[in-house]
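# Observations on the three-dimensional arrangement
Next come the chains, spelled out residue by residue.
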Amino acid sequence: MSDPAPTAPPPTVSLARLFWVFFVMGATSLGGGVVGYLRTGLVVRNRWVDDVTFVELLSISQTLPGLNATNMSILVGDRLRGGWGTIVATLGMCLPGATLMIGAAYAYGIGGDDPWSKAFLHGIAAGALGLIVVVMVQLGAKVLKSLADYLFVLATAAAVAGFGVQVPYALIVAGIVAIWWHRPRDRTPK
Amino acid sequence: MKQLGDLAGVFAYLSLLTVGGGMAAFPELKTLTVDVHHWVTFPQLLHYYSLGQLAPGPNMMMVASIGTVVAGLPGAAVALVAFFLPTGVLTWGIGRLWTHMQTWRWRPAIQTGLGSVSVGLVLAGAVIMAKGAVVDALHAAIAAVVFLLLLKTKVNPAYPIVASGVIGILAYWLAGIG
């Protein structure tokens, strides 16, 4: 599976190969943790990007809205093959999961009200909640550095979940306050 | 046609809220799909969301399920395009500008500031999700055990989540808890 491609950026990759590699990652990255699969596929196996670039692209993906998996597909696809690369990589990444979830909707329509299905689905909902909280704790460990950061977290969560503030307002107000709090101030402005 | 338009509007809007991951959009996802448009019930939304965590690829492919429920395959296509196109174009554009922004003094401030706000949004999503998912002590225990297991080990999350479903079935079979 591994092409003897040189490590020099950016390697020449056909659109078909780009689609296939992202399709395989989109089909095999079970149970979330897509970032790990992306690194294996892009950095280790195909050497399409090096580790420094990967971390850089990941930090863009995490800062901007959108999911990490699709944002990474867009950025890597663009880097390797421009606009078409973006489209092909994103389609490959999304197609397997989308097909499965469309199938799940039809299956749910047929058997979703069955008490056995419901018992199963209530069970996985509880399990998924455990996963969400872990993802949150791991994300928090990376970005929360001071007491103020924790206050921003609690204020945002309380506003949305406690007082029913709409997410965009919370995002804009808390975002501006938090960015201003971390504003650059060690040097005089240019 | 009206429903396809509604789907496009709802999911394009939701996509812009996914700062820090899909869970950040969960509070608005619940409001719009359950309370405003009545496309699914809250338990159904939780079920689709949880199935979506099990599916490979990006963890919000459940938007395709909601689209299918509302308007079949065209609904799924509209929901997917609406959910991925706006942020996709934004990421694509900013990705090209980013190299020029590497030395921009405000960049670390934006990354750190938005980081804490996005953790807050994920927390809000988790609280709202918990209100529906933690229906009794058993399900609270399942969530707690999965949390600890995933925090302490490197096990693939798909296994404990499927196991949670099996425990749900066993509890229903043995004790009628569902």
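That block above? That's the structure.
Report follows, based on the coordinates. (Residues numbered from 1 in each chain as written. Chains lettered and ligands numbered in written order. Predicted model: local features only at pLDDT ≥ 70, side-chain atom pairs only at ≥ 80, totals over all residues. Heavy atoms only, no water.)

## Points about the overall build of chain A
Per the secondary structure count, chain A includes 7 helices and 0 strands. For chain A, the sequential pattern of α-helices and β-strands runs α-α-α-α-α-α-α. Against the 2.2 N^0.38 benchmark of 16 Å for 190 residues, chain A shows a C-alpha radius of gyration of 20 Å, more extended than a compact globule. For chain A, the residues scored as buried account for 51% of the 190 residues in total. For chain A, the exposed surface amounts to about 9400 Å²; the carbon and sulfur share of it is 68%. Placing the 13 positive and 9 negative side-chain charges of chain A at their respective mean positions leaves the two points 7 Å apart. (Helix = DSSP H or I, 4+ residues; strand = E, 2+ residues; numbered from the N terminus. Rg over C-alpha atoms; globule rule 2.2 N^0.38 Å. Buried < 20%, exposed > 50% of the residue type's maximum accessible area, 1.4 Å probe, protein only. Areas by Shrake-Rupley, 256 points an atom, 1.4 Å probe, with all protein chains shown as cover. Lys, Arg positive; Asp, Glu negative; His and termini not counted. Charge placed at Lys NZ, Arg CZ, Asp CG, Glu CD.)

## Quick word on the packing of aromatic side chains
The full count for this structure, using the stated rule, is 9 aromatic pairs over all chains. Where A:W116 meets B:Y172, the ring centres are 4.9 Å apart and the plane angle is 85 degrees; that geometry is what we call edge-to-face. With A:W116 in helix α5 (residues 115-143) and B:Y172 in helix α7 (residues 158-175), the pair connects residues from two separate chains. Between A:F152 and A:W181 the ring centres are 6.4 Å apart and the planes differ by 75 degrees, which places this aromatic pair in the edge-to-face class. In this pair, A:F152 sits in helix α6 (residues 147-162) while A:W181 sits in helix α7 (residues 167-181), placing the two residues 29 residues apart along the sequence. The class of A:F152 is buried, set by a relative accessible area of 12%. A connected cluster of aromatic rings, assembled from ring pairs, spans A:F19, A:W20 and A:F23. Between B:K30 and the ring centre of B:F42, over which it is positioned, the NZ or CZ distance is 5.1 Å. (Phe/Tyr/Trp six-rings, centres within 6.5 Å; stacked < 30°, edge-to-face > 60°. Lys NZ or Arg CZ within 6 Å of the ring centre and 35° of its normal.)

## Description of α5(A)
Helix length check: α5(A) (29 residues) gives 42 Å between terminal C-alpha atoms against 42 Å at 1.5 Å per residue, within 8%. Measuring from the side-chain oxygen of the N-cap residue of α5(A) to the backbone nitrogen of A:W116 gives 3.0 Å; that N-cap residue is A:D114. (Expected span 1.5 Å × (residues − 1). Polar contact = N/O pair within 3.5 Å; in protein donor to acceptor, adjacent residues only side chain to side chain.)

## Topic: the interface of chain A and chain B
Taken together, the 87 residues of chain A in the interface contact 98 residues of chain B. Surface buried jointly by chain A and chain B totals about 8000 Å² across both partners, of which 77% is contributed by carbon and sulfur atoms. The largest contributions to the chain A side of the interface with chain B come from A:L67, A:M101 and A:Y108, which together make up 9% of the buried area. There are 2 salt bridges connecting chain A and chain B. The partner of B:R96 in a salt bridge is A:D78, with the nearest N and O atoms 2.7 Å apart. Joining chain A to chain B, the criterion identifies 13 residue pairs in polar contact (both at pLDDT 80 or more). Counting only elements with at least two residues in the side of chain A that touches chain B, the list comes to α1 (15-28), α2 (34-45), α3 (51-63), α4 (68-111), α5, α6 and α7 of chain A. Ranked by residue count, the leading element in the side of chain A that touches chain B is α5(A), at 24 residues. A per-class count over the side of chain A that touches chain B returns 55 nonpolar, 26 polar and 6 charged. (Contact = heavy atoms within 4.5 Å. Buried area = accessible area lost by both parts, 1.4 Å probe. Salt bridge = Lys/Arg side-chain N within 4 Å of Asp/Glu carboxyl O. Nonpolar A, V, L, I, M, F, W, Y, C, P; charged D, E, K, R; others polar.)

## Focus on the nonpolar core
Core analysis: the biggest nonpolar cluster contains 83 residues, and B:F11, B:L14, B:F26, B:L45, B:M62 and B:M129 have the highest contact counts within it. Considering every element that reaches this core, the biggest residue donor is α5(A), with 12 residues. Here this core spans two domains, and each of domain 1 (1-111) and domain 2 (144-190) of chain A adds at least three residues to it. Residues in contact with B:M62, not counting those within four places in the same chain, are A:M101, B:L29, B:L45, B:Y48, B:Y49 and B:G52. A:V21, A:F22, A:V43 and A:A69 belong to the second largest nonpolar core, which has 25 residues in total. (Core = buried A, V, L, I, M, F, W, Y, C linked by side-chain atoms within 4.5 Å. Domains from an automatic or database assignment.)

## Comments concerning the pattern of salt bridges
Applying the stated rule across the entire model yields 6 salt bridges over all chains. Between A:D113 and A:K118 there is a salt bridge whose closest N-O contact spans 3.9 Å. The class for A:D113 is exposed, based on a relative accessible area of 59%. B:D6 is the salt-bridge partner of B:K2, the closest N and O atoms lying 2.7 Å from each other. Residue B:K2 and its partner B:D6 are located together in helix α1 (residues 2-15), separated by 4 residues, close to a single helical turn. Among the residues examined, B:K2 registers a relative accessible area of 63% and is labelled exposed.

## Points about a nonpolar patch on the surface
A contiguous nonpolar patch, built from A:W116, B:V162, B:V166, B:L170, B:W173 and B:L174 and spanning about 620 Å² of accessible area, is present on the exposed surface. If you trace the backbone, B:L170 turns up in helix α7. (Patch = residues over 30% accessible without salt bridge, like charges linked within 9 Å, V, L, I, M, F, W, Y side chains within 5 Å.)

## Digging into the environment of A:V34
Within the secondary structure, A:V34 sits in helix α2. Among residues more than four places away in sequence, those in contact with A:V34 are A:S29, A:A69 and B:G57.

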